[in-house]
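# An overview of the molecular structure
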Amino acid sequence: MLSFIAAAQTDLPNTTPLEIGTIANPDENNNTSQGAALNIPSVIDLKPNANLRDSLTSIPVNMNLNNGLLQAGHDLKLDPKVGRSEKQGGSPERFGDQYLGDIKSNGKFVGIVCRDHEYVDGDRVKISLNGRIIDYNVMLTGSFKGVNVDLEKGFNRLDFEALNEGSSSPNTAQVNVYDDKGELIYSNKWLLSEGSIATLIITKE
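The text that follows walks through the structure, step by step, so that each part is easy to find. Just so we're clear, the structure is a prediction, and the values are computed from it rather than from any experiment.

How each quantity is defined
- Residues numbered from 1 in each chain as written.
- Predicted model: local features only at pLDDT ≥ 70, side-chain atom pairs only at ≥ 80, totals over all residues.
- Heavy atoms only, no water.
- Helix = DSSP H or I, 4+ residues; strand = E, 2+ residues; numbered from the N terminus.
- Buried < 20%, exposed > 50% of the residue type's maximum accessible area, 1.4 Å probe, protein only.
- Contact = heavy atoms within 4.5 Å.
- Areas by Shrake-Rupley, 256 points an atom, 1.4 Å probe, with all protein chains shown as cover.
- Pairing = 2+ DSSP bridges.
- Axes fitted to C-alpha atoms, helices over the stretch in contact; angles between N-to-C directions.
- Core = buried A, V, L, I, M, F, W, Y, C linked by side-chain atoms within 4.5 Å.
- Salt bridge = Lys/Arg side-chain N within 4 Å of Asp/Glu carboxyl O.

All right, on to the overall build of the protein chain then. Scanning the protein chain for helices and strands turns up zero helices and nine strands. Helices and strands appear in the protein chain in the N-to-C order β-β-β-β-β-β-β-β-β. Counting all 205 residues of the protein chain, 29% fall into the buried class. A fraction of 73% describes how many contacts in the protein chain between residues 6 or more apart in sequence connect residues 24 or more apart. Put simply, the protein chain shows about 15,000 Å² of open surface, and 52% of that area lies on carbon and sulfur atoms.

Laid out in structure tokens, this is it:
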């Protein structure tokens, strides 16, 4: 570019030539850090390094179940208003209270576990020992779940009350009892209508 100096009257200040340099263009890698553009780091290619760990054991937590197995009833849609199945056109047959028998155990406690041994349909039960509620609402799935129960000397009455009948009457379950050494000492099944109770007596001498 051409620059020139213009003469002016002596009472005016002298002018200074203005030089305009070249504008920095982005290079082949589209790097504009040398130019006038803002250098903004890319956030598209960043890969977050999530490392979830248990706060107590520092063991990595795997949020994805990768064993490929499906729990029985995994596709079950529960209706909290479901009661006896005849409301949905099923059988009106009534299953009353059931006595499961009696067993003896001199251990400090027993383990009580139960599961829905038939169609997993949302059956729920309440578990009580000697009139004291142990668990208010146990959802029966295809896997065993339950509680350990401390035994009192003498008779221990264990009640399983059917809270509903799921989507397929009646309320069905298999119950297993283990002693304090982990040995299976009892196994049975029940068929209950809503509100009915299955009772097991455990005697500790």
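Don't stop here, the text continues.
As a further point, take the sheet that holds strand 3 (residues 124-129). Read across the sheet, five strands follow the order 1-9-6-3-4 without closing on themselves; strand pairing throughout is mixed. Across the chains shown, the open sheet's two edge strands, defined by having one partner strand only, are strand 1 (98-104) and strand 4 (132-139). Between one strand axis and the next, the sheet turns through 15 degrees on average, direction left out of account. Two elements, strand 3 and strand 4, share five bridges in a ladder whose sense is antiparallel. Among the inter-strand pairings, Ser128 is bridged to a residue of strand 4, identified as Ile133.

If you look at soluble globular proteins, the nonpolar side chains tend to sit buried side by side. Ranked by internal contacts, the top residues of the largest apolar core, which has 24 residues, are Leu100, Ile112, Phe160, Val175 and Trp190. When contributions to this core are tallied by element, the ones reaching two or more residues are strand 1, strand 2 (109-115), strand 3, strand 6 (154-162), strand 7 (171-178), strand 8 (184-192) and strand 9 (197-204). Setting aside residues no more than four positions away along its own chain, Leu100 makes contact with Phe160, Val175, Tyr186, Asn188, Lys189, Trp190, Ala198, Thr199 and Leu200.

On to the pattern of salt bridges, then. A full pass over the atoms with the stated rule returns four salt bridges. Measuring nitrogen to oxygen at the nearest pair gives 3.8 Å for the salt bridge that ties Asp180 to Lys181. Taking relative accessible area as the criterion, Lys181 reaches 66% and is therefore assigned exposed.

Okay, the pairing of strand 7 next. Taken across its eight residues, strand 7 has seven buried, putting it largely inside the fold. With five bridges connecting them, strand 2 and strand 7 associate as antiparallel partners. In the strand pairing of strand 7, Gly111 is matched with Tyr178. Bridge count between strand 7 and strand 8: eight bridges; the pairing is antiparallel. In the sheet register, Val175 faces strand 8, and the bridge partner there is Asn188. Counting the residues between successive antiparallel strands, the hairpin from strand 7 to strand 8 contains five residues, one of them, Gly182, with a positive phi of roughly 85 degrees.

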